[in-house]
Amino acid sequence: MKPVNLNQFRKQKARAEKKARADANAAKFGRSKAEKDRDAAEAEAAAKRLDGHRRDDE
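Conventions and cut-offs
- Residues numbered from 1 in each chain as written.
- Predicted model: local features only at pLDDT ≥ 70, side-chain atom pairs only at ≥ 80, totals over all residues.
- Heavy atoms only, no water.
- Helix = DSSP H or I, 4+ residues; strand = E, 2+ residues; numbered from the N terminus.
- Rg over C-alpha atoms; globule rule 2.2 N^0.38 Å.
- Buried < 20%, exposed > 50% of the residue type's maximum accessible area, 1.4 Å probe, protein only.
- Areas by Shrake-Rupley, 256 points an atom, 1.4 Å probe, with all protein chains shown as cover.
- Lys, Arg positive; Asp, Glu negative; His and termini not counted.
- Charge placed at Lys NZ, Arg CZ, Asp CG, Glu CD.
- Expected span 1.5 Å × (residues − 1).
- Polar contact = N/O pair within 3.5 Å; in protein donor to acceptor, adjacent residues only side chain to side chain.
- Patch = residues over 30% accessible without salt bridge, like charges linked within 9 Å, V, L, I, M, F, W, Y side chains within 5 Å.
- Salt bridge = Lys/Arg side-chain N within 4 Å of Asp/Glu carboxyl O.

## Some thoughts on the overall build of the protein chain
Each helix and strand counted, the protein chain has two helices and zero strands in total. For 58 residues, the compact-globule estimate of 2.2 N^0.38 gives 10 Å, and the protein chain exceeds it by more than 25% at 25 Å. Counting only C-alpha atoms, the protein chain reaches 85 × 25 × 15 Å along its principal axes. Within the span of the protein chain, comprising 58 residues, buried residues form 0% of the whole. Accessible surface for the protein chain amounts to roughly 6,000 Å². Of this, 54% is attributable to carbon and sulfur atoms. The average position of the 17 basic charges and that of the 11 acidic charges among the side chains of the protein chain differ by 18 Å.

## Some remarks on helix α1 (residues 6-29)
In a regular helix each residue adds 1.5 Å, so 24 residues correspond to 34 Å; α1 covers 34 Å between its end C-alpha atoms and thus fits that length. Of the residues flanking the start of α1, the one acting as N-cap is Asn5, its side-chain oxygen 3.0 Å from the backbone nitrogen of Asn7.

## Some remarks on a nonpolar patch on the surface
Together, Val4, Leu6 and Phe9 make up a nonpolar patch on the protein surface, roughly 350 Å² of accessible area in all. Its location among the elements puts Phe9 in helix α1.

## Let's talk about the pattern of salt bridges
Opposite charge on two side chains lets them pair, provided their charged atoms get close. Inspection of every chain in the model, using the stated rule, returns six salt bridges. With a closest N to O distance of 3.3 Å, Arg38 and Asp39 form a salt bridge. Owing to a relative accessible area of 46%, Arg38 belongs among the partly exposed residues under this scheme. Since its relative accessible area comes to 27%, Asp39 is described here as partly exposed. One salt bridge in this structure joins Asp51 and Arg54, with 3.5 Å as the shortest N-O distance. In the salt-bridge network here, residues are joined through shared partners; they are Arg31, Arg38, Asp39 and Glu42.

Rendered as structure tokens:
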């Protein structure tokens, strides 16, 4: 049986966990500028549409 360096094992495990966390964040937050701009424009259009239906007598 070959001896195992526990420091290397610990560091390898930490790297794998960090990579998994980075991949999850990339999927959650990683959007292109075009996608962000499109979503902002859609939100602005929805707000204008909602304000357009507002009644003035309130």
